[in-house]
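# Topology and contacts: notes
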Amino acid sequence: MQAEIRSENKKPEAKKKFDVIIIGAGPAGYTASIYTSRAKRETLIISGILPGGQLMLTTEVENFPGFANGIMGPELMTTMRQQAERMGTTIIDDEVVNVDFKHRPFKILTYSEEYEADAVIIATGATPRKIGAKGEQEFSARGVSYCATCDGPFFKNQEIVVAGGGDSAMEEAIFLTKFANKVHVIHRKDTLRASKVMQDRAFENKKIQFHWNTVIEEIKGSQKVSQITVKDVTTNKVDTLEVGGLFVAIGHEPNTKLFQGQIEFDAQGYIALKNHTQTNVDGVFAAGDVHDHRYRQAITAAAFGCMAAIDVDKYLSERK
Ligand SMILES: Cc1cc2nc3c(=O)[nH]c(=O)nc-3n(C[C@H](O)[C@H](O)[C@H](O)COP(=O)(O)OP(=O)(O)OC[C@H]3O[C@@H](n4cnc5c(N)ncnc54)[C@H](O)[C@@H]3O)c2cc1C
């Protein structure tokens, strides 16, 4: 699917200056471009290494409104891209390697070109942290998930594993007990990092079983996950859990490195917003998971994209 999307690659030829450049081609970036292009702002999307964003890495999406029977993630993103292109957005599949937000127009450097823009929307998303176990990559979207809200309902009446010991791991484990028969929490230490209130809630839940001082060694299965091998790090004893899935809940890494020294981040390294979608630099906006560590959904990312585009249009009008 990614190869297919790349083959539609449209080079901007001689044009190097745009009204707005959107960095990132997930739900936030594509939605922003649909709005800016329809508002007659010349728009360039630079898609990075994952055109279509995180949903290219999943199978069925059941919670994006408008699709009564669900839709495959890559299909949804291919359609969004086609919609953006139909509105007149130029899309290039290149990666941004440097930016200059200190001078006007803003400069965006990719591996192959330098572009200029009067306004920029950052929509580079956040990457879920991996546990690094054998089979994790192979079974991604085939039983290994990084989002309980997204995938929990696919695990009705199954036994599953949650990896992690922080607040979000406890939140996910508790949420998943709505669907699963049993949730095994695998934690490498003998105490949780989660807040006392979250710990108490998890301990009270009869469907959750804790495995302390334990790490995941290997994820196994055929079509989907069917077994997870875990090791007690104090005794080296290896155990096999017969489970249908693994939820990795050890946090996300915002894709913000590129903007260090150019704009302000919050305490967790996500882009800090000052006024709606505006960053601390006038003319630079952010949308989606790159600033939102609370909701992290395709629909919320798309909504932030719409908001950023409306803010950009207003900014450009007032600037004139
Ligand atoms: C496996 C999985 C399944 C999911 N399932 C669901 C679901 O069922 N429903 C749901 O609502 N949500 C789901 N989510 C969450 C959803 O995918 C995200 O919330 C959403 O994609 C965030 O959109 P975004 O546009 O902010 O960022 P992303 O989708 O992460 O897109 C980021 C974009 O930025 C680009 N980028 C990054 N760095 C650079 C750079 N240097 N230069 C240029 N471009 C760059 C990337 O290439 C990518 O195109 C799932 C997430 C995962 C990981």
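Residues numbered from 1 in each chain as written. Predicted model: local features only at pLDDT ≥ 70, side-chain atom pairs only at ≥ 80, totals over all residues. Heavy atoms only, no water.

The protein carries the name Thioredoxin reductase in an unreviewed UniProt entry, which gives Nitrosotalea devaniterrae as its organism.

### Topic: the sheet that holds strand β10 (residues 144–145)
Spatial ordering of the open sheet is given by β10-β17-β11-β12-β13, a layout of 5 strands whose pairing is parallel. Two strands lie at the open edges of the sheet, namely β10 and β13 (208–211), each paired on one side alone. (Pairing = 2+ DSSP bridges. Helix = DSSP H or I, 4+ residues; strand = E, 2+ residues; numbered from the N terminus.)

### Some thoughts on the environment of S33
Its place among the elements puts S33 in helix α2 (residues 27–38). Residue class for S33 comes out buried when judged on its relative accessible area of 0%. Sequence separation of S33 and Q278 is 245 residues, and the distance between their C-alpha atoms is 16 Å. Every residue in contact with S33, bar those within four places of it in the chain, is listed here: I22, T43, I45, A84 and T89. (Buried < 20%, exposed > 50% of the residue type's maximum accessible area, 1.4 Å probe, protein only. Contact = heavy atoms within 4.5 Å.)

### Here's the deal with the side chain of H184
Mapped onto the secondary structure, H184 falls in strand β12 (residues 182–186). By relative accessible area, which is 3% here, H184 ends up buried. Contacts of H184, omitting those with residues within four sequence positions, involve E159, I160, V161, V162, Q209, H211, L241 and V243.

### Here's the deal with the state of the cysteines
As enumerated under the stated definition, the model contains 1 disulfide in all. The disulfide bridge from C147 ends at C150, spanning 2.0 Å between sulfur atoms. With the S-S bond torsion at 70°, the cross-link from C147 to C150 turns out right-handed. Under the relative-accessibility criterion, C147 is labelled buried at 16%. (Disulfide = S-S within 2.5 Å.)

### Examining the site of the ligand
Taken together, 30 residues surround the ligand, and among them S47, L50, N63, D289 and A298 come closest. One of the backbone nitrogen or oxygen atoms of G48 is found 3.2 Å away from a nitrogen atom of the ligand. Between a nitrogen atom of the ligand and a main-chain N or O atom of V96, the distance comes to 3.0 Å. Protein contacts shield 94% of the accessible area of the ligand, which totals 990 Å² for the unbound molecule. For the shell around the ligand, the secondary structure elements donating two or more residues are α2 and α7 (298–319). Residues belonging to the shell around the ligand are distributed by class as follows: 15 nonpolar, 12 polar and 3 charged. (Near = heavy atom within 4 Å. Polar contact = N/O pair within 3.5 Å; in protein donor to acceptor, adjacent residues only side chain to side chain. Areas by Shrake-Rupley, 256 points an atom, 1.4 Å probe, with all protein chains shown as cover. Nonpolar A, V, L, I, M, F, W, Y, C, P; charged D, E, K, R; others polar.)

### Section: the sheet that holds strand β15 (residues 225–232)
Spatially, the 3 strands line up as an open sheet ordered β14-β15-β16, and their pairing is antiparallel. Only two strands of the sheet have a single partner each, and these edge strands are β14 (214–221) and β16 (238–242). Going across the sheet, the axis of each strand differs from the next one's by a mean of 25°, ignoring polarity. Inspection of the sheet shows β15 paired to β16 by 5 bridges, in the antiparallel sense. (Axes fitted to C-alpha atoms, helices over the stretch in contact; angles between N-to-C directions.)

### Let's talk about the domain arrangement of the protein
Considered domain by domain, the protein is made up of domain 1 (18–127 + 252–319) and domain 2 (130–248). Once you take the C-alpha centre of each, domain 1 and domain 2 turn out to be 32 Å apart. The partner domain 2 presents 7 residues to the 9 residues of domain 1 that form the contact. Regarding the contact of domain 1 and domain 2, the summed buried area is about 580 Å², with carbon and sulfur atoms giving 49% of it. Linking domain 1 to domain 2 there are 0 salt bridges. Our enumeration of links across domain 1 and domain 2 arrives at 0 residue pairs in polar contact (both at pLDDT 80 or more). Within the side of domain 1 that touches domain 2, the residues separate by chemical class into 1 nonpolar, 6 polar and 2 charged. (Domains from an automatic or database assignment. Buried area = accessible area lost by both parts, 1.4 Å probe. Salt bridge = Lys/Arg side-chain N within 4 Å of Asp/Glu carboxyl O.)

### Section: α7
Residues spaced three or four apart along an α-helix point in a common direction, a consequence of the helix completing one turn every 3.6 residues. Taking 1.5 Å of rise per residue, 22 residues should cover 32 Å, and α7 covers 31 Å from first to last C-alpha, within 8% of that figure. Those residues of α7 lying buried are A298, T300, A301, A302, F304, G305, C306, A308, A309, V312, Y315 and L316. Check the buried side of α7 and you find it contacts β1 (17–23), α2, β8 (114–122) and β19 (284–286). (Expected span 1.5 Å × (residues − 1).)

### Some points on the layout of surface pockets
In this model, the second largest pocket occupies a volume close to 280 Å³. If you trace the second largest pocket, you find 15 residues lining it, with I131, G164, R188, V215 and I250 closest to the centre. Examining the composition of the lining of the second largest pocket, we find that 3 residues originate from one element, β14, more than from any other. Classifying every residue of the lining of the second largest pocket by side-chain character gives 7 nonpolar, 5 polar and 3 charged. (1 Å grid on protein atoms, 1.4 Å probe; cavity = no way out; pocket = protein on both sides within 12 Å on 5 of 7 lines; lining within 4 Å. Points joined across faces, edges and corners; volume = space filled by probe spheres on them.)

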